[in-house]
Amino acid sequence: MYHILIFGPPGVGKGTQSQLIAEKKNLFHLSTGEYLRKAIDEETTLGKKAKDIVEKGLLVPDDIMIGIVAEALKANLDGKDGFILDGFPRTLDQAKALEVIFKEMGFNDIIIIYLKADENELVTRLVKRGRKDDTEEIIRHRLKIYIDSTEPIIDYYRSFSEVKEICGVGEIEDIFSNICEKLR
Ligand code: AMP
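Novice: Help me understand the overall build of the protein in this model?
Specialist: Counting its secondary structure elements, the protein contains eight helices and five strands. Taken over the C-alpha trace, the protein has a radius of gyration of 16 Å; the compact-globule value for 184 residues is 16 Å, and the two agree within 12%. C-alpha atoms of the protein, sized along the principal axes, occupy 40 × 40 × 30 Å. Looking at the protein as a whole, 46% of its 184 residues are labelled buried.

As structure tokens, this is what we get:
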């Protein structure tokens, strides 16, 4: 069983690598960003609440996100060999809530992957990606939120777990094989 959390700044390739890992290891891949974008497209109650926040590059409130992740984990693990969470947790409160969820579900062997790249590389990549929240101004803002709110979580995990750091710059296949090597 693989219980993986993948971290890294916006644009580092978490989504792409998570998908590859999920395919290879038969994991449930939950991208909270994807989940929110789908809700926004479908104009669900959640989508209506989240639309403005996501488009501005701000964080959706913790209680909403924690509820989504708890439910998704309970509903989607049948037939899978574990999961990979991509984009969650993003705040210390989310990380602490996740500990409670994991305890309830009996998961105690969590693998932390941390994909890294420098800020200018990320801005260049994201501007090219061209999603609605990928203008330079919003990207810089998302990077700031990432540095303020999400990076401290990595230190939190470091205090009781190994963090597998991987360089997120280079060819997709090479980065993927570095990840696979570290998962062995
Ligand atoms: P991402 O696809 O991971 O870059 O997420 C896109 C946007 O979705 C973020 O900029 C946030 O507005 C929102 N989002 C995704 N995951 C979370 C989370 N765990 N907590 C709060 N907001 C989130």
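Novice: Whenever I open this one, the sheet that holds strand E4 (residues 110-116) confuses me. Can you help?
Specialist: Hydrogen bonding along the main chain pairs the strands of a sheet, whether they run parallel or antiparallel. The parallel open sheet is built from five strands, whose spatial order is E2-E3-E1-E4-E5. Edge positions in the sheet fall to strand E2 (28-31) and strand E5 (163-167), since each of these pairs with one other strand and no more. On average, adjacent strands in this sheet sit at an angle of 20° to one another, irrespective of strand direction. Across the sheet, helix H5 (residues 92-105) lies against strand E1 (2-7), strand E3 (82-86) and E4, angled at about 170° from E3, the strand it touches most.

Novice: Would you take a moment to explain the nonpolar core for this structure?
Specialist: One broad rule of soluble globular proteins: the nonpolar side chains tend to lie buried together. Core analysis: the biggest nonpolar cluster contains 36 residues, and Leu-85, Leu-98 and Tyr-157 have the highest contact counts within it. It is helix H4 (residues 62-76) that contributes the most residues to this core, seven residues altogether. With residues near it in sequence (within four places) discarded, Tyr-157 still touches Leu-5, Phe-7, Pro-89, Ala-95, Leu-98, Glu-99, Ile-112 and Val-163. Formed by 21 residues, the second largest nonpolar core is a distinct cluster that contains Ile-84, Leu-143, Ile-166 and Ile-179.

About the cut-offs
- Residues numbered from 1 in each chain as written.
- Predicted model: local features only at pLDDT ≥ 70, side-chain atom pairs only at ≥ 80, totals over all residues.
- Heavy atoms only, no water.
- Helix = DSSP H or I, 4+ residues; strand = E, 2+ residues; numbered from the N terminus.
- Rg over C-alpha atoms; globule rule 2.2 N^0.38 Å.
- Buried < 20%, exposed > 50% of the residue type's maximum accessible area, 1.4 Å probe, protein only.
- Pairing = 2+ DSSP bridges.
- Axes fitted to C-alpha atoms, helices over the stretch in contact; angles between N-to-C directions.
- Contact = heavy atoms within 4.5 Å.
- Core = buried A, V, L, I, M, F, W, Y, C linked by side-chain atoms within 4.5 Å.

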